[in-house]
Amino acid sequence: MITITIDGKKISFERPVTILDAARAAGIHIPTLCHHDILKPYGGCRLCLVEVEKVPKLQTACSQYVSDGMVVRTETEKVVDARRAVLEFLLINHPLDCPHCDKAGECELQDLAAKYGPAMGRFAEGKRRYPENLEDPLIVRNRERCILCLRCVRMCDDVQGASALSVTGRGSKSYIEPFSGGAYDCEYCGNCLAVCPVGAITSRTHRHGFRPWLMEKEVETVCSYCGVGCSLVLQVRNNSVVRSVPRSGLGLNRGLLCSKGRFGYDCLNYGDRLDAPLMRRNGVLERVTWTEAINCIADRMKEIKRENGSDAIAGIVSGRCTNEDAYVFQKFFRGAIGTNNIDSVAGMAYGPAQRFFEKILVQGVTANPIQGISDSDGIFVIGGDPTAINPVLGLQVRSASKKGVPVIVVGHPGGLKRYSKRAFIMNSAAETVFLAALVDEIKRRRPLPGERPVLEEIINGFRPAPLEDASKMSGFGPNDLVDTAHALSNMSRPSIIIGRDIVQTDTGHMNLLFLAALTYLLNGRIYLLSELPNEQGVLDMGCQPDMLPSGRPLTVETFRKRCEETLGIIIPPAPGLSYAEMTEAAHEGRIKALYVMGEDMVLGLPDSNYVRGALRNIEFLVVQDRFFTETAKYADVVLPALSWAEKEGSYTNLERRIQLTRKAVEGESIEEWKVISEISKTFGLHMGYRSAADIFSEIARVSQIYRELTLEGIADGKSVWPYRGGPLRYDMHTEGTKLPDIVSVMEESGMSGVHVRREAHLFHSQNASRYSPALLSITPEPHLKIGDILADRLSVKDGDRVKVSTDAGSIVLSARRDPCLPDNVVLASTFDGGGIFEITKWRVNPITKAPASDVNGVVIDKEEAITVLHKDRADSLVGG
């Protein structure tokens, strides 16, 4: 036990802490400028100087650790004089423009100058003068205000790992500058904004727009962009969100945000929101009342059910909907319509992958804490770049790499380029061959655990390709494969991070089986990357064609009957159609009515023209969304929806942590669950909910794993799987696990030519970011990444326009050269109504039910002269 005295107050600690932390624990304030809770101690500003008894010189409290018997004084005359001197030096060149500065009211230097600073300066020399830098679309730099605390540089280097900032110059001429010079060329996380103690780095999105004391309220909630579930604070004025900021120590992100969480909030204030229902009359969508819209939906669905049966109706829910909205949606379809044709975007990859792993291994196998990644002894990444898909999770991978943990990436390394020990970029069929070879090599090095005989029989039974052939197919030498297998074999608790691209292929089920085998052999922890905030939640709520709420198979009569008795409804016993199967059925005319809540199918599925054709074939289409989306153009009824900041509810992140989303502003629409409840009432199913809390209470009654949970009780963010219930353990699932020889995969793969792969974009998130001017200002259009060898062959430079052609059509994209890519693989992003999805055909994988969209034989031509027309966004959102 360590006992110290600070300002006459005795405090005891079990382990050594800094004087600063000790003082804070005692409620004693010591001023700092260079120190920040997220950063390592630096001791650069010297404002935290304190007197330590028997030590002749003043000590920096942020870096000096306590020892038993230490006596510290924090406000002696000597200490105050030293702080005053430090502030006087800082103010020599700092401009006195507080009324003009955006940081006024929350500037740490301003507060300290008011308490310790001299009444007037003694230096007659003129201050440094630098022009304010406005070259960047989002970040403003003011070198005159910079005090060189280096918080921003340390944040960018040590925490974010982007290393985009540096100190330029020497002595009094030193200043902070991005390596790119004028505009930033970085990840735009904005964490440098959060840690800057003065107004040297500020956001352009609200420049001179408000002062902190003008805020009417601050609301702690959860980000609605990806599946990490970062906590943030929405600052509100005049019923409008004016800023999104993190709070140090809040949530699992602990004060960090990505570009979407920090700047993407402006989609909440986008002008072209739907504010009234629309109904198609004589081929034109017209504004109607809510009563008219609800009656129309009820009448048409009853008519279609009567004439074609319940299974001619289907529903698709977005991964951005809350748990409460999703639960009511599936209850309506099962209890009122009488069909299990319910799915979500999670059914495209995340859901099939999780179901596959849980049936082979154990339920909850993907429910692992994000913070555990940095404590792994090895990391294997496949199917997507975590720094782009789930950026805060990606920081954990970087953190582990800095500790010396080996990171192996199969796919484009992206933001892990400097942090991966090995990176293997290949086409999708080669990835299957590569995984098979890895499993075969590892099982030679490590004994099978003997816990799952059926899985071990499969592992021992498949015939991998000869090592030489596998190496040739993947484009890497045999030694690379052997060395990678050796590195993996030496890991005892690796993290295996899996993205959707490894699932959405013809061999997706085989990939999942090999990854399950890898997890089993290495005792690994699985992390499924989630591109939407509530993919896990909509699965848990039962928005799956074959699963009830809490992951109970509806084909098991005991589970189905228990659910029916609790809810007082009859649930059809036969599984329904998946998202991809619904689209196929609609194209073939088997689905007559479709209710789409929050999802833009045209932009969310490959082969946009095929999806448009499917939507045209539907007799009655209902779309419920915040904006007039591409899918809404084909709707018979369009209903406005609320954003996540306009309603109460909950999300479940990829850890299976349930988090509360709080209302920050008042919306102009009605909660989705209320609308569905009103439609359900016309079918004779009265739900009777008064609030989201009522719905959550029913979920707790229906779902064994949610039992005893309440909406208020999850507010602390500590409700992590398996909550207070017991998980259901499955027997080994053998369907689809009898693998063909890998040799036959090689022969049938058709891997010749250039292979195009989807690139998840750091600054965009499906259709949400297309309504964020801030995010669009960083990257306004899709692009094609092309390797140097192929680019040289085509004489393509950065920024050139290239025509990308497949058998489904062609598009023109801006080219970006990437030295990491081989000559047979290119990456294409997709967002804002364009990109590779426009020309990508797909098929339904019969095992996973996910769309498989392998694209080989792509033709790329340089366009010598193309006029690019940028249509006005408002025109794309009206009419129809």
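Reading the values: the criteria
Residues numbered from 1 in each chain as written. Predicted model: local features only at pLDDT ≥ 70, side-chain atom pairs only at ≥ 80, totals over all residues. Heavy atoms only, no water. Domains from an automatic or database assignment. Contact = heavy atoms within 4.5 Å. Buried area = accessible area lost by both parts, 1.4 Å probe. Polar contact = N/O pair within 3.5 Å; in protein donor to acceptor, adjacent residues only side chain to side chain. Helix = DSSP H or I, 4+ residues; strand = E, 2+ residues; numbered from the N terminus. Pairing = 2+ DSSP bridges. Phe/Tyr/Trp six-rings, centres within 6.5 Å; stacked < 30°, edge-to-face > 60°. Buried < 20%, exposed > 50% of the residue type's maximum accessible area, 1.4 Å probe, protein only. 1 Å grid on protein atoms, 1.4 Å probe; cavity = no way out; pocket = protein on both sides within 12 Å on 5 of 7 lines; lining within 4 Å. Points joined across faces, edges and corners; volume = space filled by probe spheres on them. Nonpolar A, V, L, I, M, F, W, Y, C, P; charged D, E, K, R; others polar. Lys, Arg positive; Asp, Glu negative; His and termini not counted. Salt bridge = Lys/Arg side-chain N within 4 Å of Asp/Glu carboxyl O.

So, the domain arrangement of the protein chain
Domain annotation of the protein chain identifies domain 1 (2–92), domain 2 (125–269), domain 3 (278–346 + 534–716), domain 4 (350–528) and domain 5 (751–879). The C-alpha-based centres of domain 2 and domain 3 are spaced at 38 Å. At the interface, 20 residues of domain 2 touch 19 residues of domain 3. Carbon and sulfur atoms supply 55% of the area that domain 2 and domain 3 bury against each other, a total of about 1,600 Å² over both sides. Of all residues in domain 2, the largest losses of buried area upon contact with domain 3 belong to Val 222, Ser 224 and Leu 268, amounting jointly to 31% of the total for that side. Along the contact surface separating domain 2 from domain 3 lie 10 residue pairs in polar contact (both at pLDDT 80 or more). Mapped onto the side of domain 2 that touches domain 3, the elements with two or more residues apiece are strand 10 (217–222), strand 11 (231–237) and strand 12 (240–245).

What about the pairing of strand 8 (residues 175–178)?
With 4 bridges joining them, strand 7 (residues 165–168) and strand 8 adopt antiparallel strand pairing. Bridge pairing in strand 8 links Thr 168 to Tyr 175. Connecting the antiparallel pair strand 7 and strand 8 is a turn made up of 6 residues, with Gly 169 showing a positive phi of about 85 degrees.

Points about the packing of aromatic side chains
Under the defined criterion, the tally for this structure stands at 18 aromatic pairs. Consider the rings of Phe 333 and Tyr 595, whose centres lie 6.4 Å apart with planes at 80 degrees: the pair is edge-to-face. On the criterion of sequence distance, the pair formed by Phe 333 in helix 8 (residues 323–337) and Tyr 595 in strand 24 (residues 593–597) is long-range, its members being 262 residues apart. Here the two residues Phe 333 and Tyr 595 agree in accessibility, since each one is buried. On the basis of an interplanar angle of 55 degrees and a centroid distance of 5.3 Å, the ring pair of Tyr 706 and Tyr 723 is categorised as tilted. Linking Tyr 706 in the loop between helix 23 (692–702) and strand 29 (719–720) with Tyr 723 in the loop between strand 29 and helix 24 (742–748), this pair joins segments that are 17 residues apart in sequence. According to the relative accessible area criterion, Tyr 706 is buried, its value standing at 0%.

Overview of the layout of surface pockets
Here the largest pocket defines a volume of roughly 1,400 Å³. Residue assignment for the lining of the largest pocket shows that the elements contributing at least two residues are helix 10 (386–389), strand 30 (754–759), strand 31 (783–786), strand 33 (809–817) and strand 34 (825–831). Looking at the second largest pocket, its volume works out to about 1,000 Å³. Looking at the second largest pocket, it is lined by 42 residues, and the ones nearest its centre are Lys 103, Glu 106, Glu 108, Leu 193 and Ala 194. Breaking the lining of the second largest pocket down by element, the ones donating at least two residues are helix 3 (108–115), helix 4 (151–160), helix 5 (191–195), strand 9 (201–203), strand 11, strand 12 and helix 6 (259–263). Residue composition of the lining of the second largest pocket, grouped by class: 18 nonpolar, 12 polar and 12 charged.

Observations regarding the side chain of Glu 599
In this structure, Glu 599 sits in the loop between strand 24 and helix 20 (601–604). Buried charge without a partner: Glu 599 forms no salt bridge, and the closest opposite charge is Arg 320, 6.8 Å away. Engagement of the side chain of Glu 599 in a polar contact is seen with the side chain of Tyr 579, the distance being 3.4 Å. Discounting residues that sit within four places of it in the chain, Glu 599 has contacts with Ile 316, Ser 318, Val 345, Tyr 579, Gly 604, Asp 625, Thr 631 and Gln 766.

Section: the pairing of strand 33
One ladder, built from 4 bridges, connects strand 31 with strand 33; its direction is parallel. Bridging across to strand 33, His 783 finds its partner in Ser 814. Relative to strand 33, strand 32 (residues 801–806) runs antiparallel, the two sharing 6 bridges. When the sheet's bridge partners are listed, Lys 803 is paired in strand 33 with Val 812. Linking strand 32 back to strand 33 in an antiparallel pair, the connection comprises 2 residues.

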